[in-house]
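Given next are the chains, with one letter for each unit.
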Amino acid sequence: MSEGSAAITGVGAVTPLGIGADTLYERWRDGVCGIEDGVGRCDGFDPAQFMSRKQVRRTERFVQFGTIAAREAADQAGWEGDEPPYDPHRVACVLGVSLGGTQVLFDQYQTLEQDGSDAVWPLTIPVSMPNALPAVLAIAHGFRGESRSIASACSSSAQAIGEGLRMLRQDEADAVIVGGAEACLTPFILAAFKMAGALSRSGQCRPFDERRDGFVMAEGGGILILEQEDKARGRGAEILGYLSGYGASTDGYHLTAPAEDGEICGHAIRSALDDAGRAPEEVDYVNAHGTSTEANDLAETNALKVALGGHAHEVPISSTKSVVGHSIGGAGAIEAIATLLTLRGGVVPPTVGLEVPDEDLDLNYVPGDSIPLPERPANGDGGRDGRAVAISSSFAFGGHNAVVVIEA
Amino acid sequence: MELKTPPSAEKMGARILEALVEFGADPEMMSPEATLEDLEIDSLDMFELAQILHQEYGIEVNPDDFEDVKTLGDAQQVLLGYLK
């Protein structure tokens, strides 16, 4: 597979809306919001229901999210015993995370301060290291190909997905486990984001609303199983959809703020569409980065105009963060899954909380209720194989922009 | 360095079992014949155990002493040997 699409054969998610990818999509579609008291916490998540006492003790919360999401994805992909149906050396894993195991790290720093170096937990590093999730998944699922983590803040897991596509196209693997997870709702990290001026003062996530005042921190994880399409077909797997394109760019403008004109972000969107062989007019749905910050939502609106031209005013755009908040390194994967399920479900979930339009933001952000996905021709005109086409964008602190194109 | 009173063999043996259960080993499977592999006890557990024995009893555990250890009984023999 030197070019073309990767088959998506399994997805899994743990989010503030609950456990499971379908739970994420269905509850969002129904307008349920998982944000409470100014954060998106996965309150119902109890790792002891899914993992042994030893596994729970040896994993930070972000690894637990990713582990459970990966199990769901592997089950859906029909990986018997959760092990890949390929030569283990031909199965890779690339996962996004921004900060890693912050709770253990800071707890143990306090132990160091209070009780000295000999009291520091010997498992501090293996449990908190940002690459802990791919390491744990390799033990759980038995793959032996390349594995690593990508840290690019809010774009981490979108970049991981893009890297998975590249690996399949370069025939470095038959299947790649991609996605990401984050769990950094600790007082220290929340304070650090707050003092950087990023967090919502009201505790409300209202993407594209005139009253928006910052993002709502969240936790969660999402995993996708990507396979070479012919190999997936060859083993009789159900193909849920396709990852057909990836594009990325870097603002080179500011450490945290996006460039308002959206030119560089827009370039990533166009690159992704070019990579997928899609014209802007073919995009049926945009899953926005949509953070609810003043700067992002304006820059993203401009980026969509740069990339899609007049079609930016036609295509429905909605923000998953409006119901789950911003899980940083997990966000891109959770949103890619939500995008896939939107295409499969045929219903575009709304941007919840968007009630007061901003006159500078003049696109169709799907306020209020869900709407039907625009109909596509069964085949031929404007639709390769009659598939619906969507983009999911991630724009990060650091100016890292990553966009994936998903079809179903 | 603070000098600590060495525990009795019985007390230290009980503390070792307690620690391994705390690390996640199945208490039902604990027996001298049980292999560390069956109990899912690995080198990270031994580092934790070494830390506990050092913190609580001032015992310095040498990881090299565990190279040939296969069973829980073997491990206990090595660890109790530090009391001599």
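Here the structure is a predicted model, which means the values were calculated and not measured.

Caption draft 1: Quick look at the overall build of chain B. Helices and strands together make up the secondary structure of chain B, namely three helices and zero strands. When the helices and strands of chain B are placed in sequence order, the string is α-α-α. Here the C-alpha radius of gyration of chain B, 12 Å, is about what a compact globule of 84 residues would show, namely 12 Å. Projecting the C-alpha coordinates of chain B onto the three principal axes gives extents of approximately 35 × 25 × 20 Å. When each of the 84 residues of chain B is scored for burial, the buried share is 17%. Sequence-distant contacts in chain B: of pairs separated by 6 or more residues, those separated by 24 or more amount to 59%.

Caption draft 2: Fine view of the confidence of the model for chain B. Averaged over every residue, the pLDDT of chain B is 91; the share at 70 or more is 96%. Interface confidence for the predicted complex, given as ipTM, is 0.91, next to a pTM of 0.96.

Caption draft 3: Structural view of the interface of chain B and chain A. On the side of chain A, nine residues touch chain B, which itself brings nine residues to the contact. Looking at the side of chain B that touches chain A residue by residue, the class counts come to three nonpolar, four polar and two charged.

Caption draft 4: Broad picture of unusual backbone geometry. Residue and element names in this part refer to chain A. At Asp37, a position not held by glycine, the phi torsion is positive, near 50°. Here Asp37 shows up in the loop between α1 (21–29) and α2 (53–57). You will see that Val366, though not glycine, has its phi angle at about 50°, which is positive. Relative to the assigned elements, Val366 resides in the loop between β10 (347–348) and β11 (371–372).

Caption draft 5: Highlighting helix α10 (residues 263–276) of chain A. Residue and element names in this part refer to chain A. The terminal C-alpha atoms of α10 lie 20 Å apart, and with 14 residues this matches the ideal 20 Å at 1.5 Å per residue to within 8%. With ten of 14 residues buried, α10 lies mostly within the body of the structure. Of the positions making up α10, those classed as buried are Ile264, Cys265, Gly266, Ala268, Ile269, Ser271, Ala272, Leu273, Asp275 and Ala276. Phi for Gly277, located one or two positions after α10, is positive at around 70°.

Caption draft 6: Region of interest: the environment of Gly203 of chain A. Residues and elements named next belong to chain A. Examined against the element boundaries, Gly203 turns out to sit in the loop between α8 (187–195) and β6 (220–228). When the C-alpha atoms of Gly203 and Gly221 are compared, they prove to be 21 Å apart, with 18 residues separating the residues in sequence. Aside from chain neighbours lying at most four places away, what touches Gly203 is Asp37, Gly38 and Val216.

Caption draft 7: Quick look at the pairing of strand β7 (residues 241–250) of chain A. Residues and elements named next belong to chain A. Of all the ten residues making up β7, nine are buried; the element is thus mostly covered by neighbouring parts of the structure. Here strand β1 (residues 6–15) runs beside β7; their pairing, made up of three bridges, is antiparallel. Within β7, the residue paired with Ala6 across the bridge is Leu243. Looking at chain direction, β7 and strand β13 (residues 400–407) are connected through eight bridges and run antiparallel. Each bridged residue has a counterpart across the sheet, and for Gly247 the counterpart in β13 is Val403.

Caption draft 8: Seen up close, the nonpolar core. Ranked by size, the top nonpolar core spans 124 residues in total, and within it Ile8, Val176, Leu224, Leu226 and Ile337 of chain A carry the most contacts. Ranked by the residues each element gives to this core, the list is headed by helix α13 (residues 331–345) of chain A, at nine residues. In this structure, Leu226 of chain A is in contact with Ala6, Ile8, Gly164, Leu165, Leu168, Ala175, Val176, Val178 and Leu243 of chain A, ignoring residues within four places of it in sequence. Core analysis: the next-biggest nonpolar cluster, separate from the first, contains twelve residues, Phe23, Leu39, Ile41 and Met46 of chain B among them.

Caption draft 9: Seen up close, the packing of α1 of chain A against α13 of chain A. Residues and elements named next belong to chain A. Two numbers describe how α1 lies on α13: the axes approach to 9 Å, and their chain directions differ by 70°. In terms of axis orientation, α1 runs roughly perpendicular to α13. Judged by the twist between their axes, the crossing of α1 over α13 is right-handed. Side by side, α1 and α13 meet where Ala21, Leu24, Tyr25, Trp28 and Arg29 of the first sit next to Ile334, Ile337, Ala338, Leu341, Thr342 and Gly345 of the second.

Caption draft 10: Quick peek at the packing of helix α7 (residues 156–169) of chain A against α13 of chain A. Residue and element names in this part refer to chain A. Closest axis-to-axis distance for the α7/α13 pair is 5 Å, and the angle between their directions is 65°. Across the interface between the two elements, Ser156, Ser157, Ala158 and Ile161 from α7 touch Ala331, Gly332, Ala333 and Ala336 from α13. Residue classes in the contact of α7 with α13 are distributed as five nonpolar, three polar and no charged.

Caption draft 11: A look at the environment of Gly116 of chain A. With respect to the secondary-structure elements, Gly116 of chain A resides in the loop between α4 (102–115) and α5 (124–128). A tally of 10 C-beta atoms within 10 Å means that Gly116 of chain A is categorised as exposed.

Caption draft 12: Main features of helix α1 (residues 9–23) of chain B. The end-to-end C-alpha separation of α1 of chain B is 21 Å, in line with the 21 Å expected for 15 residues at 1.5 Å each. Among the residues of α1 of chain B, those classed as buried are Met12, Leu20 and Phe23 of chain B. All buried residues of α1 of chain B lie within an arc of 75° about the axis, which places them on one face of the element. Relative to its buried face, α1 of chain B has exposed residues pointing more than 90 degrees away, namely Glu10, Lys11, Ala14 and Glu18 of chain B. Tucked into the core, α1 of chain B has its buried residues touching α2 of chain A together with α2 (43–57) and α3 (72–81) of chain B. At the exit of α1 of chain B stands Gly24 of chain B, carrying a positive phi of roughly 120°.

Caption draft 13: How the structure looks around the pairing of β13 of chain A. All names here are of chain A. Burial of β13 is extensive: eight of the eight residues sit out of reach of the surface. The alternating pattern of β13 places His400, Ala402, Val404 and Ile406 on one face and Asn401, Val403, Val405 and Glu407 on the opposite face, and all of these are buried. Pairing of strand β12 (residues 389–395) with β13 involves seven bridges; the strand directions are antiparallel. In the sheet register, Phe395 faces β13, and the bridge partner there is Asn401. The antiparallel pairing of β12 with β13 creates a hairpin that spans four residues between the two strands, and Gly398 there sits at a positive phi of about 100°.

Basis of the calculations
- Numbers given for residues are sequential positions, taken from 1 along each chain in its written order.
- Chain labels run from A onward and ligand labels from 1 onward, assigned in the order the entries are written.
- Given that this is a predicted model, residues contribute local features only at a pLDDT of at least 70 and side-chain atom pairs are listed and counted only at 80 or more, while totals for whole chains, interfaces and linings are drawn from all residues.
- Put simply, DSSP marks the helices as runs of H or I at least four residues long and the strands as runs of E at least two long, and each gets a number from the N terminus on.
- Our radius of gyration is a C-alpha quantity, and the globule rule it is checked against amounts to 2.2 Å times the number of residues to the power 0.38.
- With C-beta atoms placed from the backbone, a residue counts as buried when 20 or more other C-beta atoms lie within 10 Å of its own, as exposed when 12 or fewer do, and as partly exposed for counts between those limits.
- Whether two residues are in contact is decided by their C-beta atoms, placed from the backbone, lying within 7 Å.
- pLDDT: the predictor's confidence for each residue, scored from 0 to 100.
- We call Asp, Glu, Lys and Arg charged. Ala, Val, Leu, Ile, Met, Phe, Trp, Tyr, Cys and Pro are nonpolar, and the rest, Gly among them, are polar.
- The span one expects for a helix is its residue count, reduced by one, times 1.5 Å.
- A strand pair is defined by DSSP finding two or more bridges across the two strands.
- Each nonpolar core reported here comprises buried Ala, Val, Leu, Ile, Met, Phe, Trp, Tyr and Cys residues connected via C-beta atoms within 7 Å.
- Angles here are taken between N-to-C directions and fall from 0 to 180 degrees, while the axes themselves are lines fitted to C-alpha atoms, restricted in helices to the stretch in contact.
- Note that the term roughly parallel is reserved for angles under 35 degrees, roughly antiparallel for angles over 145, roughly perpendicular for angles of 65 to 115, and oblique for everything else.
- We call a crossing left-handed when the near helix sits turned anticlockwise from the far one by less than a right angle, and right-handed when that turn is clockwise.
- The directions from the helix axis to the C-beta atoms form the arc being described.

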